[in-house]
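Residue-level structure breakdown
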Amino acid sequence: MWPLWRLVSLLALSQALPFEQRGFWDFTLDDGPFMMNDEEASGADTSGVLDPDSVTPTYSAMCPFGCHCHLRVVQCSDLGLKSVPKEISPDTTLLDLQNNDISELRKDDFKGLQHLYALVLVNNKISKIHEKAFSPLRKLQKLYISKNHLVEIPPNLPSSLVELRIHDNRIRKVPEGVFSGLRNMNCIEMGGNPLENSGFEPGAFDGLKLNYLRISEAKLTGIPKDLPETLNELHLDHNKIQAIELEDLLRYSKLYRLGLGHNQIRMIENGSLSFLPTLRELHLDNNKLARVPSGLPDLKLLQVVYLHSNNITKVGVNDFCPMGFGVKRAYYNGISLFNNPVPYWEVQPATFRCVTDRLAIQFGNYKK
């Protein structure tokens, strides 16, 4: 376990940008491989970064029994707690309650914690949340409540919230208005829930200006059509999507990254990808495509395409690169075609004329 002062110093540098959480403290490491880290990033508002003044030492004697308290961080993980502990200092900015046995969040559990910035409730047994449980948390920006027993999105989330991690619960429905008033929200991770397309009520995401949304490992059979138009990253991997029809991507013209790997996609209708002029990275691996999707040469900013583990048998000389010179502005730095029944020795070298170098192309290793 790292010293708490080190963890807090990392948090002070944290921005609410997308990442793939592998552990609790990973949210402080916002430059991981899973996200963009330059001007192509998700465009998150960095005003949510902790003020350095807010992590100066505190000398409050208040600390729940068994917890560790330092630099306005209260760490009460892995203690077998049945409920939110009392005697939490009102100047606390980060409260860690992960890996406990908490089953309910009551009305006054967070009373007086008006300075709380991050609340971690990952891997508990929470199935019930009082409608006013989060009311005192007027400055809360990060709420991690994944791996619990929730059957619905918590009501009355703080309007200050920037990032919500609620994956691996039992949520089947996203009702209209559940995110009402959350104008600061830019990142939602809600994969690992048994969500079907019919579970999203019309207007469920109205008012949100999300940069990042992940609904992976669910039961989607198609791309939802009513998600925020502001999205830069959309991850729908590990679902049951079978096709991309012409207008499925019409409203998502600002996407930088689209993740559709590990689905059952057999068909991508011609012209579907033309609605994504700013796309940089496309994941279509582990599907059932029989050919390279049409329209890739017209995506001038596209740099990475994952097509491995499909049923592609032929790669044409103009499947990736436009004809002529000076048309495509960005060169590819990654094309994966391995584990496809492509006779790669028949592919013409000119097929990859707009690729940075030959090491960016991955072929072969096909097994029936």
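Quick caveat: nothing in here was measured; it's all calculated off a predicted structure. (Residues numbered from 1 in each chain as written. Predicted model: local features only at pLDDT ≥ 70, side-chain atom pairs only at ≥ 80, totals over all residues. Heavy atoms only, no water.)

So, the state of the cysteines
Here is the rule we go by: What counts as a disulfide here is a pair of cysteine sulfur atoms lying within 2.5 Å. Any residue under 20% of the maximum accessible area for its type is buried, any over 50% is exposed, and the rest in between are partly exposed; the area is computed with a 1.4 Å probe on protein chains only. Under the scheme used here, helices are H or I runs from DSSP no shorter than 4 residues and strands are E runs no shorter than 2 residues, and both carry numbers assigned from the N terminus.
The tally for this structure, following the rule as stated, stands at three disulfides. Here C67 is linked by a disulfide to C76, with a sulfur-sulfur distance of 2.1 Å. One disulfide, between C67 and C76, carries an S-S torsion of 115 degrees and so falls in the right-handed class. Each member of the pair, C67 together with C76, is buried. The disulfide partner of C321 is C354, and the gap between their sulfur atoms is 2.0 Å. Note on the C321 and C354 pair: the S-S dihedral is about -95 degrees, so by sign convention the disulfide is left-handed. Here C321, found in the loop between β16 (304-306) and β17 (334-336), pairs with C354, found in the loop between β17 and β18 (361-362); they are 33 residues apart in sequence, far enough to count as distant. Each of the two residues, C321 as well as C354, counts as buried. Sequence-ordered numbering of the bonded cysteines in the protein chain yields a pairing of 1-3, 2-4, 5-6.

Some details on the nonpolar core
The test is simple: By nonpolar core we mean a set of buried residues, namely Ala, Val, Leu, Ile, Met, Phe, Trp, Tyr and Cys, connected to one another through side-chain atoms within 4.5 Å. By definition, residues are in contact when any of their heavy atoms lie within 4.5 Å.
In terms of nonpolar packing, the biggest core is built from 87 residues, with L105, L119 and F320 touching the most fellow members. Beyond its immediate chain neighbours, meaning those up to four positions away, L119 contacts L95, L97, F110, F134, L137, L140, K142, L143 and Y144.

Describing the environment of P297
One can find P297 in the loop between β15 (281-283) and β16. Of the residues examined, P297 reaches a relative accessible area of 13% and is grouped as buried. Considered as a pair, P297 and V327 are 30 residues apart in the sequence and their alpha carbons are 9.0 Å apart. Among all residues touching P297, those that are not within four sequence positions of it are N318, D319, F320, C321 and P322.

Section: unusual backbone geometry
The backbone of N156 shows a phi angle near 50 degrees, a positive value even though the residue is not glycine. One non-glycine residue, E217, adopts positive backbone phi at about 50 degrees. Relative to the assigned elements, E217 resides in the loop between β10 (212-214) and β11 (233-235).

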